[in-house]
Each structure stands twice: as C-alpha cells, then as structure tokens.
Amino acid sequence: MDVQAGTGWHVSELVRFAKMGSVEPYRGEAEGIAGVLVCPQTKSGEPLRTAVSAEVLEAGKRLVERGSFSFEKYTFAIKGACNAAGILPFTPGLFRHSVATWAIEKGADPASVAAFLNHKSPSTTRRFYATHTVLTKIPTLR
C-alpha cells in the first residue's frame, strides 16, 4: 500500500514493478526525496520513474526483493482490512484516485498531478480528479 499511495501507480504497474522493477538513486536536490522507483513498463510500453520518500523507497525495495505480487491477494487483503475497520470495502485502485485528489485538494496544479500520474493530458486529471475534490472543509468536521 505504501508504494501505491506514494507513487500513484496503477495496480498493474505495481505488479510489474515487483516482478521486474528496480530502484535508482535520486540525483536531484528536492527535499524529502530519497530515491526513484522504476516500473519497467507502463500501458504505453515506456518505463515509469517516480521519485519517492524514504518510507516509500524502503517499501519498494522490499517489494522488489520479494519478486512477486498478487493482485488478487492484495485486493482480498484490502477488503479484509476494510471489513475489520467497519468501513465500506474498496479496491486498491482507489489509492491512485486518492493520491490525485489529495494533491489537488492541497493546491497542486492539475498539470503537475497529471505528470506525476503519467497522464498524457492534464485534461484527464481535471476530468477525473479536479472536479471531485472538496475545495474547503466543512467546519464541523475538524
């Protein structure tokens, strides 16, 4: 979950990363970035490099060391955790949507979120995420 929440990747990208992915050092100077996770292939066939925090980097290393990842078991585990928590079950794909929504709610530019999610166009991000965010919190829910 840490890798998916920290990268915004599709579950299919997470599965490919576990099987054939790699971890690279981060060569930039951005604060909070500890390394880069590389999914060897996206839907377009290109590799996907995502800069991540130290926590996500460590989770990614463990996943690559494991070398496999079952979409079915992941889905089952998430639904089981939802049931245990007494909340409506959801699928792991919701993490990608959550990452995008949280970023936009915090003021991130939809074009930057689109680039992070590897969308071809910022209009995809605006259509699916920017229209569903809550611009301000309801004061009674603090």
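Residues numbered from 1 in each chain as written. Predicted model: local features only at pLDDT ≥ 70, side-chain atom pairs only at ≥ 80, totals over all residues. Heavy atoms only, no water.

An unreviewed UniProt entry annotates the protein chain as Tyr recombinase domain-containing protein originating from Archangium violaceum Cb vi76.

(A) Region of the structure containing the sheet that holds strand S3 (residues 48–52). If you walk across this open sheet you meet the three strands as S1-S2-S3, and the pairing is antiparallel. In this open sheet, the two edge strands, each paired with only one partner strand, are strand S1 (22–24) and S3. Here the average twist between neighbouring strands, direction ignored, is 30°. Relative to strand S2 (residues 35–39), S1 runs antiparallel, the two being bridged by three bridges. If you follow Ser-22 over to S2, its bridge partner there is Val-38. The strands that helix H2 (residues 11–20) touches are S1, S2 and S3; relative to S2, the one it contacts most, it runs at about 100°. (Pairing = 2+ DSSP bridges. Helix = DSSP H or I, 4+ residues; strand = E, 2+ residues; numbered from the N terminus. Axes fitted to C-alpha atoms, helices over the stretch in contact; angles between N-to-C directions. Contact = heavy atoms within 4.5 Å.)

(B) Summary view of the nonpolar core. Membership of the largest hydrophobic core comes to 18 residues, with the highest contact counts inside it found for Val-3, Trp-9, Leu-14, Leu-37, Leu-63 and Tyr-74. Of all elements in the fold, only H2, S2, S3, helix H3 (54–66) and helix H4 (71–85) reach the threshold of two or more residues within this core. For Val-3, the contacting residues outside a window of four places in its chain are Trp-9, Leu-14, Leu-37, Val-56, Ala-59, Gly-60 and Leu-63. (Core = buried A, V, L, I, M, F, W, Y, C linked by side-chain atoms within 4.5 Å. Buried < 20%, exposed > 50% of the residue type's maximum accessible area, 1.4 Å probe, protein only.)

(C) Broad picture of the environment of Thr-75. As for its placement among the helices and strands, Thr-75 is situated in helix H4. Residue class for Thr-75 comes out buried when judged on its relative accessible area of 14%. Considering only alpha carbons, one finds Thr-75 and Gly-93, 18 residues apart in sequence, at a separation of 9.0 Å.

(D) Representation of the pairing of S3 within the structure. What you see with S3 is a clean split: Leu-48, Thr-50 and Val-52 sit on the buried side and Arg-49 and Ala-51 on the side with no burial. Examined bridge by bridge, S2 and S3 share five bridges and lie antiparallel to one another. Residue Val-36 lies in a different strand from S3, and its bridge partner there is Ala-51.

(E) Examining the packing of aromatic side chains more closely. Under the criterion given, the structure shown has two aromatic pairs. Judged by centre distance (5.3 Å) and plane angle (65°), the rings of Trp-9 and Phe-17 are edge-to-face. The same class applies to Trp-9 as to Phe-17, namely buried. (Phe/Tyr/Trp six-rings, centres within 6.5 Å; stacked < 30°, edge-to-face > 60°.)

(F) Structural context of the environment of Leu-37. Inspection of the secondary structure assignment puts Leu-37 in strand S2. Here the alpha-carbon distance between Leu-37 and Gly-21, two residues 16 residues apart in the chain, equals 7.5 Å.

(G) Structural detail: the environment of Ala-100. Secondary-structure assignment places Ala-100 in helix H5 (residues 94–105). Residues Ala-100 and Pro-110, spaced ten residues apart in sequence, show a C-alpha to C-alpha distance of 8.7 Å.

(H) A look at the side chain of Thr-7. Among the structural elements, Thr-7 can be located in helix H1 (residues 2–7). Side-chain polar atoms of Thr-7 contact the backbone nitrogen of Trp-9, separated by 3.2 Å. Residues in contact with Thr-7, not counting those within four places in the same chain, are Leu-37, Thr-50, Val-52, Val-56 and Phe-116. (Polar contact = N/O pair within 3.5 Å; in protein donor to acceptor, adjacent residues only side chain to side chain.)

(I) Quick look at H2. Taken together, the buried positions of H2 are occupied by Val-11, Glu-13, Leu-14, Phe-17 and Ala-18. Take H2 and look down its axis: the buried residues cluster within an arc of 155°, on one side only. (Arc of directions from axis to C-beta.)

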